Amino acid sequence: MKLNLHEKRVLITGSSRGIGLAISEAFLEEGARVTLTSRHQSDLDQLKNTLSQRFVQSSILALACEFTDIERIRKLKEQINLTWKGLDILIINLGSGKSVSEPIPSIENFERIFQVNFDSAINTSREFYSLIKESRGSILFIASIAGVEVTGAPTDYSVAKSALIAYSKNLARKAARDGVRVNCIAPGNIYFDGGTWEEKVKADPERIQRLIETTVPLHRFGKPEEIAAAVAFLASERSSFTTGACLIIDGGQTARIF
Ligand SMILES: NC(=O)c1ccc[n+]([C@@H]2O[C@H](COP(=O)([O-])OP(=O)(O)OC[C@H]3O[C@@H](n4cnc5c(N)ncnc54)[C@H](OP(=O)(O)O)[C@@H]3O)[C@@H](O)[C@H]2O)c1
């Protein structure tokens, strides 16, 4: 199947490692133009050099941006617009589940977690909406199964991801009139070197192995590229009738009849 993503202009928030990096590579493999982002310009420059050995260098922009700061998001928009004169696909991947296990996290925790997982997503989609509307493009949010049901993840993270899914679906209905499609993906446990699951496995390998075996029907972690493949499909014109969807990719962890 041809995804027809050649030359498409794509922004991926939080793409220097993990799921965001895999998404960037998937789009580059399809011949798209990709803006890599994180808070650290030196990491991004290094990554651009590495990726340039496999992909066309001029297809890669590497721009640092603190997505919890709306002024920085506006500056990023100017930079992208200056180089590419628009944007076709916006992937809002940035998020973090690093919080506490208390029954009721403090308001400071809620605020911090909402800032990274929810506020940054709303602000990024708002600031880039005019460009996506102009290209009749698509927006995709990376949520989590923690936003779909109660999995034992930190409460503030779970609530922030639920809010993100609700936002994505509301936006999908309203953006349809502009020819813009909006979807989201809810991943389960995704393992990669340097990721949070690697940390957890190192801290207590037996507990994590038990957890995966008892809660995930496929008995394994997911891989970033398994999320990236679905992102590329949902963002492409091959999904032209799909909007307002939330695709769960979790090895069957949350599969059940209501
Ligand atoms: N991994 C999983 O098992 C899993 C499961 C379900 C859902 N998810 C969701 O999938 C998404 C990606 O997860 P991941 O595990 O790949 O994330 P990750 O390893 O924490 O990577 C996050 C990326 O975002 C950048 N970043 C962090 N804070 C930033 C900020 N304030 N402004 C700009 N960039 C920032 C990081 O680079 P710097 O730190 O250098 O800035 C990095 O490139 C998240 O939304 C997460 O909630 C992950």
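Cut-off values and rules
- Residues numbered from 1 in each chain as written.
- Predicted model: local features only at pLDDT ≥ 70, side-chain atom pairs only at ≥ 80, totals over all residues.
- Heavy atoms only, no water.
- Domains from an automatic or database assignment.
- Contact = heavy atoms within 4.5 Å.
- Buried area = accessible area lost by both parts, 1.4 Å probe.
- Salt bridge = Lys/Arg side-chain N within 4 Å of Asp/Glu carboxyl O.
- Helix = DSSP H or I, 4+ residues; strand = E, 2+ residues; numbered from the N terminus.
- Buried < 20%, exposed > 50% of the residue type's maximum accessible area, 1.4 Å probe, protein only.
- Axes fitted to C-alpha atoms, helices over the stretch in contact; angles between N-to-C directions.
- Parallel < 35°, antiparallel > 145°, perpendicular 65-115°, else oblique.
- Left-handed = near helix turned anticlockwise from the far one by under 90°.
- Nonpolar A, V, L, I, M, F, W, Y, C, P; charged D, E, K, R; others polar.
- Phe/Tyr/Trp six-rings, centres within 6.5 Å; stacked < 30°, edge-to-face > 60°.
- Lys NZ or Arg CZ within 6 Å of the ring centre and 35° of its normal.
- Near = heavy atom within 4 Å.
- Polar contact = N/O pair within 3.5 Å; in protein donor to acceptor, adjacent residues only side chain to side chain.
- Areas by Shrake-Rupley, 256 points an atom, 1.4 Å probe, with all protein chains shown as cover.

**Observations concerning the domain arrangement of the chain**
For the chain, the domain assignment lists domain 1 (9-187 + 225-245) and domain 2 (190-221). Here the C-alpha centroids of domain 1 and domain 2 sit 24 Å apart. The interface of domain 1 with domain 2 comprises six residues on the first partner and five residues on the second. Counting the surface lost from both domain 1 and domain 2, the interface buries some 460 Å², and carbon and sulfur atoms represent 67% of this. The interface formed by domain 1 and domain 2 includes two salt bridges.

**Focus: the environment of H6**
Mapping H6 onto the fold places it in the segment before β1 (9-12). For H6, a relative accessible area of 57% translates into the label exposed. Residues H6 and F192 lie 186 residues apart in sequence; the distance between their C-alpha atoms is 27 Å. In this view, H6 contacts E30, G31 and A32; residues no more than four positions away in its chain are not counted.

**A short note on the packing of helix α3 (residues 70-84) against helix α4 (residues 107-135)**
Interaxial distance between α3 and α4 falls to 10 Å at its minimum, and their mutual angle equals 30°. The pairing of α3 with α4 is recorded here as roughly parallel in orientation. Judged by the sense of rotation from one axis to the other, the crossing of α3 with α4 is right-handed. Mapping the contact onto sequence places I70, I73, R74, L76, K77, I80 and N81 in α3 and S120, N123, T124, R126, E127, F128, S130 and L131 in α4. When grouped by side-chain class, the residues that make up the contact of α3 with α4 number six nonpolar, five polar and four charged.

**Brief notes about unusual backbone geometry**
In this structure, N4 takes a positive phi of about 55° despite not being glycine. Here N4 lies in the segment before β1. Unlike most non-glycine residues, E7 shows phi in positive territory, near 70°. Along the chain, E7 falls in the segment before β1. Residue classification places E7 among the partly exposed positions, given a relative accessible area of 40%.

**Focus: the packing of aromatic side chains**
Counting across every chain of the model gives six aromatic pairs. Arranged with centres 6.4 Å apart and planes meeting at 35°, the rings of F110 and F114 form a pair that is tilted. With F110 and F114 both in helix α4 and four residues apart, the pair spans about one turn of that helix. Look at W197 and F221: their rings are 5.3 Å apart centre to centre, the planes differ by 55°, and that puts the pair in the tilted class. Taken as a pair, W197 in helix α6 (residues 196-203) and F221 in the loop between α7 (205-215) and α8 (224-235) lie far apart in primary sequence, 24 residues in all. For K200, the ring lying beneath its charged end belongs to W197, and the centroid distance is 4.2 Å.

**Examining the site of the ligand**
In the vicinity of the ligand, 26 residues are found, and the nearest of them are S16, R39, E66, N93 and Y157. In this structure, an oxygen atom belonging to the ligand sits 2.7 Å away from a side-chain N or O atom of R39. Protein contacts shield 91% of the accessible area of the ligand, which totals 890 Å² for the unbound molecule. Breaking the shell around the ligand down by element, the ones donating at least two residues are α1 (18-29) and α5 (155-175). Tallied by class, the residues present in the shell around the ligand amount to eleven nonpolar, eleven polar and four charged. Residue assignment places the shell around the ligand across two domains, with domain 1 (9-187 + 225-245) and domain 2 (190-221) each supplying three or more.

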